[in-house]
Amino acid sequence: MSNLETDPRESACGGLADVAAEPVNELLTGRDVVLGGPRAMRVTRTLPNRDVRMVGAWCFVDHYGPERATMHVPPHPHTGLQTVSWLVEGEVLHRDSVGSEQLIRPGQLNLMTAGRAISHAEESPSEAVLHGVQLWVALPSAARGGAPAFEHHPVLPTLTAPSSPSSPGVTVTVIMGELGGVTSPATVHTPLVGAEVTLEAGAGTSVPLRPGFEYAVLALSGTVRVGGTDLSPGPLLYLGSGRSELAVEAEGAGRLLLLGGEPFEERIVMWWNFVGRSHEDIVRFRREWMEGEGFGTVPGAGAAPLPAPELPLTPLKARGRRR
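About the thresholds
Residues numbered from 1 in each chain as written. Predicted model: local features only at pLDDT ≥ 70, side-chain atom pairs only at ≥ 80, totals over all residues. Heavy atoms only, no water. Helix = DSSP H or I, 4+ residues; strand = E, 2+ residues; numbered from the N terminus. Buried < 20%, exposed > 50% of the residue type's maximum accessible area, 1.4 Å probe, protein only. Lys, Arg positive; Asp, Glu negative; His and termini not counted. Salt bridge = Lys/Arg side-chain N within 4 Å of Asp/Glu carboxyl O. Polar contact = N/O pair within 3.5 Å; in protein donor to acceptor, adjacent residues only side chain to side chain. Phe/Tyr/Trp six-rings, centres within 6.5 Å; stacked < 30°, edge-to-face > 60°. Pairing = 2+ DSSP bridges. Axes fitted to C-alpha atoms, helices over the stretch in contact; angles between N-to-C directions. Contact = heavy atoms within 4.5 Å. Core = buried A, V, L, I, M, F, W, Y, C linked by side-chain atoms within 4.5 Å. 1 Å grid on protein atoms, 1.4 Å probe; cavity = no way out; pocket = protein on both sides within 12 Å on 5 of 7 lines; lining within 4 Å. Points joined across faces, edges and corners; volume = space filled by probe spheres on them.

Novice: Quick question: what am I supposed to make of the side chain of Arg 243 here?
Specialist: With respect to the helices, strands and loops of the structure, Arg 243 is situated in the loop between strand S22 (236–240) and strand S23 (245–249). Despite being buried, Arg 243 has no salt bridge partner; Glu 245 is the closest side chain of opposite charge, sitting 9.2 Å away. Reaching out from Arg 243, the side chain makes a polar contact with the backbone oxygen of Val 24 at a distance of 2.7 Å. Of the polar contacts made by the side chain of Arg 243, one reaches the side chain of Asn 25; its length is 2.7 Å.

Below, the structure written as structure tokens:
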């Protein structure tokens, strides 16, 4: 799933000036976005946010479901980013312009690296319960002009987090990057982590963190107490940096997504499905997509490519991480 808004908001972010250098517990309310069409899916977008636009290199977070729906996303472009697809329920078929065709199921990772340019399409095989997240990672300048690529990881490493002898289990799946000495096989271009933490009823543990990373947590199901804050699906809890561990506990079963990374030093401009560094970058990406240059075609997609929205009248600018 990608940004299918017909009037996308400009988001300019990056730089270190506004990174919380100490631990905070800041709830960031998302906004509802309908992804086009008469039976369109509704997602909750918590990054980019009005108050915090990035967490490390993570620059986009959409949480959808659980709901009975059919996903049908026509071919569309990406530049300068990685798309990270993670499911809790359902199945989604991915196709892209480098020839990939891959069904993703819960607990598996689809990772697409756009590099200089790629296009892809996504669909669910039939109307069924879908629940998952679509995440974007901004690529640094050294990688954003590289060749496009796709990876599927059906099995990811887990660490069994320590818990008290009387506590049910806590399992941590390392989706991207490294956590607690466990490293995902997925390709990363900046120091970061993405992990799913599942807690059985009554479970509690302490998740190891890096003080130099900034972090945020999104509840996927249940209510989980995170660093002293009760978190349910909806908002993103921004944690800042300066922590070496994070206490999590749940009365009932719960599931959460942990995102973190070294603060992203480069200032970026993100508009529609493009990540660039300037207004001129975005204008060029849009023109090339509309003229059919550089993004390739998606075999077997069965739908016409999605046209790009009109650019705003005012120039897009790279600004700080906060408004």
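From this point, the discussion proceeds with the structure in view.
Novice: What exactly am I supposed to notice about the packing of aromatic side chains here?
Specialist: Here the distance between the centres and the angle between the planes together describe a pair of aromatic rings. Tallied over the full model, the rule gives eight aromatic pairs. For the ring pair Trp 272 and Phe 274, a centre distance of 5.6 Å and an interplane angle of 80 degrees mean the geometry is edge-to-face. Accessibility classification places Trp 272 together with Phe 274 in one group, the buried group. Summarising the aromatic geometry, the rings of Phe 274 and Phe 285 are spaced 5.7 Å apart at their centres and angled 55 degrees between planes, so their arrangement reads as tilted. A residue pair is termed long-range when its members are at least 10 positions apart, and Phe 274 in strand S26 (residues 274–276) and Phe 285 in helix H2 (residues 279–290) qualify at 11 residues. Like Phe 274, the residue Phe 285 is buried in the burial classification. Feature note: the residues Trp 271, Trp 272, Phe 274, Phe 285, Trp 289 and Phe 295 constitute an aromatic cluster, connected by ring pairs.

Novice: Got a minute to help me understand the pairing of strand S15 (residues 170–179) in this structure?
Specialist: Sheet faces and side chains relate simply in a regular strand, where the side chains alternate between the two faces. With eight of 10 residues buried, S15 is to be regarded as a mostly interior element. Pairing geometry for strand S14 (residues 158–160) and S15, over three bridges, is antiparallel. Across the sheet, Thr 160 pairs through a bridge with Thr 171, a residue of S15. Here S15 runs beside strand S17 (residues 192–199); their pairing, made up of seven bridges, is antiparallel. Paired with Val 170 across the strands is Leu 199, a residue of S17. Looking at chain direction, S15 and strand S16 (residues 182–183) are connected through two bridges and run antiparallel. For Glu 178, the partnering residue across the bridge sits in S16 and is Thr 183. Here S15 folds back onto S16 in antiparallel fashion, the turn holding two residues, of which Gly 180 has a positive phi close to 55 degrees.

Novice: Quick question: what am I supposed to make of the sheet that holds strand S9 (residues 101–104) here?
Specialist: Strands pair in a sheet through their backbones, by hydrogen bonds, and they do so in one of two ways: parallel or antiparallel. If you walk across this open sheet you meet the four strands as S6-S11-S8-S9, and the pairing is antiparallel. Looking at the sheet topology across the chains shown, the edges are occupied by strand S6 (72–78) and S9. For this sheet, the mean angle separating the axes of adjacent strands, direction not counted, is 20 degrees. Strand direction decides the pairing type here: S6 and strand S11 (residues 118–123), joined by five bridges, are antiparallel. Paired with His 76 across the strands is His 120, a residue of S11.

Novice: Explain the environment of Ser 184 to me, please; I cannot follow it from the model alone.
Specialist: Tracing the backbone through its elements, the reader meets Ser 184 in the loop between S16 and S17. On the accessibility criterion, Ser 184 (6% relative accessible area) is buried. Sequence-wise, Ser 184 and Thr 158 are 26 residues apart; in three dimensions their C-alpha atoms are separated by 8.9 Å. Beyond its immediate sequence surroundings of up to four residues, Ser 184 is in contact with Leu 156, Pro 157, Val 174, Ile 175, Met 176 and Gly 177. Separated by 2.7 Å, the side chain of Ser 184 and the backbone oxygen of Ile 175 make a polar contact.

Novice: When you look at the nonpolar core in this model, what are you seeing that I'm missing?
Specialist: The tendency in soluble globular proteins is for nonpolar side chains to be buried side by side. Judged by nonpolar contacts, the single largest core of 37 residues is most densely connected at Trp 58, Val 84, Leu 109, Leu 135, Met 176 and Leu 257. What Trp 58 contacts, discounting residues up to four positions off in sequence, is Leu 47, Arg 53, Val 84, Leu 135, Trp 136, Val 137, Met 176, Leu 192, Val 193, Gly 194, Leu 259 and Gly 260. Core analysis: the next-biggest nonpolar cluster, separate from the first, contains 27 residues, Val 182, Phe 213, Leu 237 and Leu 246 among them.

Novice: What's the story with empty space enclosed by the protein in this structure? I'm lost.
Specialist: The rolling of a water-molecule-sized probe over the atoms marks out the regions of remaining empty space. The tally for this structure, following the rule as stated, stands at two cavities of 30 Å³ or more. Size it by volume and the second largest cavity reaches roughly 50 Å³. Along its surface, the second largest cavity is lined by His 72, Val 73, Pro 74, Pro 75, Leu 93, Arg 95, Ala 121, Glu 122, Glu 123, Ala 301 and Ala 303. For the lining of the second largest cavity, the secondary-structure elements that each account for two or more residues are S6, strand S8 (92–96) and S11. Per-element accounting of the lining of the second largest cavity gives the leading share, four residues, to S6.

Novice: What is the right way to look at the pairing of strand S7 (residues 81–89) in this model?
Specialist: Among the nine residues of S7, eight are classified as buried, and the element is accordingly described as predominantly covered. As defined by bridge partners, S7 adjoins strand S12 (residues 128–138) across eight bridges and the pair is classed as antiparallel. The residue of S12 that forms the bridge with Glu 89 is His 131. When S7 meets strand S10 (residues 109–113), the two strands line up antiparallel, connected through five bridges. The partner of Thr 83 across the bridge, within S10, is Met 112.

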